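Listed here are the chains, written in short residue letters.
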Amino acid sequence: KEFNELLKPGDIIYVEKIRENKFSLKQVPKINGGIVVMDPYTGRVLALSGGFSFKNSEFNRATQALRQPGSAFKPFVYALALENNFTPSSLVLDAPLVLDQGVDLKKWKPENYGKKFYGPSTLRIGLEKSRNLMTVRIAQEIGIDKIISFSKKLKIYENPEELMSVSLGSAETTLLKITTAYCAFVNGGNLVDPIFIDRIQDSEGKTIFNNEKRICENCENISFNGKTIPKIKNNFEQIFSSETAYQMTSILEGVIKRGTGRGLKDLNLQIAGKTGTTNKNTDAWFIGFTSNLVIGVYVGYDNPRSLGKIETGSKAAMPIFKEFVKRAIINYEARPFKVAKGIKMMVVDSITGKKANFGSKKTIIESFKEEKIENTSNLDIGNLNNKLSRNNILKFY
């Protein structure tokens, strides 16, 4: 159409400046979403947007929209696995699975996104490639009751139904809640609460409200002439170990290097994160973090329906995360993630999870808890199916 057919004088339009005196016509998007940026060590919310336009809609998609997180919830299943005798190199069977859901209910047959099966794979690969069947088998081994309890402790869910599908993110939560839970991966396994207001002072400068949860030990006795350094301690609840937090961070770094978050590799930053996509591509997520920021992005319709055939978390939500990171994070600020005490590194075969032999081509540096390290080079992979446990999981350390 000609320009004068589209618009008439007095219309309010959105435009984007291309260059001097040149503008591109933009449209109000039908799809909406939200973004949350947090300090993982304090819980401070540094930035939050709940939609495209507050004037058009006061509904906050970051704090009010209850949506299924899909695969963005999987890291918490894997974190619980690492707390229960699994290692990043534990083998889990990726194969068809049919589960009985109860009386008068259809049998549940979960599938991987690409509808393919890959056989025995390491725990790391399961999360990097976002394998649904592996996640369900891990949930079977751990117990859905433990996963539900764990999600409540992290304040992701309040009262989800005890269904195995919860392990794949079928229960509903908000962007703020799940982004807050991801902070535990960065800060060593501590649970933080989101803080929107730091403190309130009266007209005379007296603090009448303070949201600071950390404690400065003996700060009143420290002199600027002395050599004593203030010690800041927090009283946050420890949800899982600092070793597990680092192992999960390492695996989520792998999501960026080799998995569903490969589109962020060209940023050349120390980034970890996880995509999330629900059935029929209804909701798209990406929750990612650097060593000092956690950033959550959600995209979806206000009245939930499919975003489109290929609109996954990596296609719809991750580019928003990428655009924010480009503008907000300078390279030197995204420092390497701090390795927890009690973690030992080992060169392993990235496919089998075994200790790498000299000349192995596909190797990675894997993180293990000290007490779990044993030589795994003699594991017989050839007869693997006969060695799997009742839930088709083989754990080795």
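Residues numbered from 1 in each chain as written. Predicted model: local features only at pLDDT ≥ 70, side-chain atom pairs only at ≥ 80, totals over all residues. Heavy atoms only, no water.

**Considerations on the overall build of the protein**
Right, on to step 1. Across its full length, the protein carries nine helices and 18 strands.
Right, on to step 2. For a compact globule of 397 residues, the expected C-alpha radius of gyration is about 21 Å, and the protein comes in at 23 Å, within 12% of that figure.
Right, on to step 3. Structurally, the protein occupies a C-alpha span of about 75 × 75 × 50 Å along its principal axes.
Right, on to step 4. By residue count, 47% of the 397 residues in the protein fall in the buried class.
Right, on to step 5. Restricting to contacts in the protein with at least 6 residues of sequence separation, those with at least 24 account for 66%.
Right, on to step 6. Here the protein displays about 22000 Å² of accessible surface, and carbon together with sulfur accounts for 49% of that area.
Right, on to step 7. Side chains of the protein give 58 positive and 41 negative charges; the mean places of these two sets differ by 6 Å. (Helix = DSSP H or I, 4+ residues; strand = E, 2+ residues; numbered from the N terminus. Rg over C-alpha atoms; globule rule 2.2 N^0.38 Å. Buried < 20%, exposed > 50% of the residue type's maximum accessible area, 1.4 Å probe, protein only. Contact = heavy atoms within 4.5 Å. Areas by Shrake-Rupley, 256 points an atom, 1.4 Å probe, with all protein chains shown as cover. Lys, Arg positive; Asp, Glu negative; His and termini not counted. Charge placed at Lys NZ, Arg CZ, Asp CG, Glu CD.)

**Description of the packing of aromatic side chains**
Right, on to step 1. The final tally for this structure, using the stated rule, is 11 aromatic pairs.
Right, on to step 2. With centroids separated by 5.2 Å and ring planes inclined at 20°, the aromatic side chains of F76 and F185 adopt a geometry described as stacked. Here F76 is found in helix 2 (residues 74–82), whereas its partner F185 is found in helix 6 (residues 175–186), with 109 residues between them in sequence.
Right, on to step 3. Exposure remark for F76: the relative accessible area of 2% places this residue in the buried category. (Phe/Tyr/Trp six-rings, centres within 6.5 Å; stacked < 30°, edge-to-face > 60°.)

**So, the state of the cysteines**
Right, on to step 1. Under the defined criterion, the tally for this structure stands at one disulfide.
Right, on to step 2. What pairs with C216 in a disulfide is C219, and their sulfur atoms sit 1.3 Å apart.
Right, on to step 3. For C216, a relative accessible area of 28% corresponds to the partly exposed category.
Right, on to step 4. Under the relative-accessibility criterion, C219 is labelled partly exposed at 26%. (Disulfide = S-S within 2.5 Å.)

**Observations concerning the layout of surface pockets**
Right, on to step 1. The space that makes up the largest pocket amounts to roughly 990 Å³.
Right, on to step 2. Looking at the lining of the largest pocket, the elements with two or more residues in it are strand 13 (272–277) and helix 8 (313–328).
Right, on to step 3. With four residues, strand 13 is the single largest residue contributor to the lining of the largest pocket.
Right, on to step 4. By residue class, the composition of the lining of the largest pocket is five nonpolar, 21 polar and 10 charged. (1 Å grid on protein atoms, 1.4 Å probe; cavity = no way out; pocket = protein on both sides within 12 Å on 5 of 7 lines; lining within 4 Å. Points joined across faces, edges and corners; volume = space filled by probe spheres on them. Nonpolar A, V, L, I, M, F, W, Y, C, P; charged D, E, K, R; others polar.)

**Notes on the nonpolar core**
Right, on to step 1. F76, Y182, F185 and F289 are the most contacted members of the largest nonpolar core, which totals 59 residues.
Right, on to step 2. The element contributing the most residues to this core is helix 6, with nine residues.
Right, on to step 3. Among all residues touching F289, those that are not within four sequence positions of it are Y182, F185, V186, T249, L252, Q270, I271, A272, V294, F321 and F337.
Right, on to step 4. In this structure, I256, L264, F286 and L307 belong to the second largest nonpolar core, which totals 22 residues. (Core = buried A, V, L, I, M, F, W, Y, C linked by side-chain atoms within 4.5 Å.)

**Remarks on the sheet that holds strand 14 (residues 283–289)**
Either a parallel or an antiparallel arrangement is found when strands of a sheet pair, and the pairing is made through backbone hydrogen bonds.
Right, on to step 1. Across the sheet, five strands lie side by side as 4-3-15-14-13; this open sheet has antiparallel pairing. A single partner strand is all that each edge strand has here, and the edge strands are strand 4 (45–49) and strand 13. Sheet twist, expressed as the average angle between the axes of neighbouring strands with direction ignored, equals 5°.
Right, on to step 2. Direction of pairing for strand 3 (residues 32–38) relative to strand 4: antiparallel, over a ladder of four bridges. Among the inter-strand pairings, M38 is bridged to a residue of strand 4, identified as V45. (Pairing = 2+ DSSP bridges. Axes fitted to C-alpha atoms, helices over the stretch in contact; angles between N-to-C directions.)

**Quick notes on the confidence of the model for the protein**
Right, on to step 1. Mean pLDDT over the protein: 89, with 93% of residues reaching 70 or higher.
Right, on to step 2. No element of the protein has a lower mean pLDDT than helix 9 (residues 384–387), at 37, and none a higher one than helix 6, at 98.
Right, on to step 3. Counting interchain partners and residues more than four positions distant, the pLDDT-below-50 stretch residues 375–391 has 25 contacts. (pLDDT = per-residue confidence, 0-100.)

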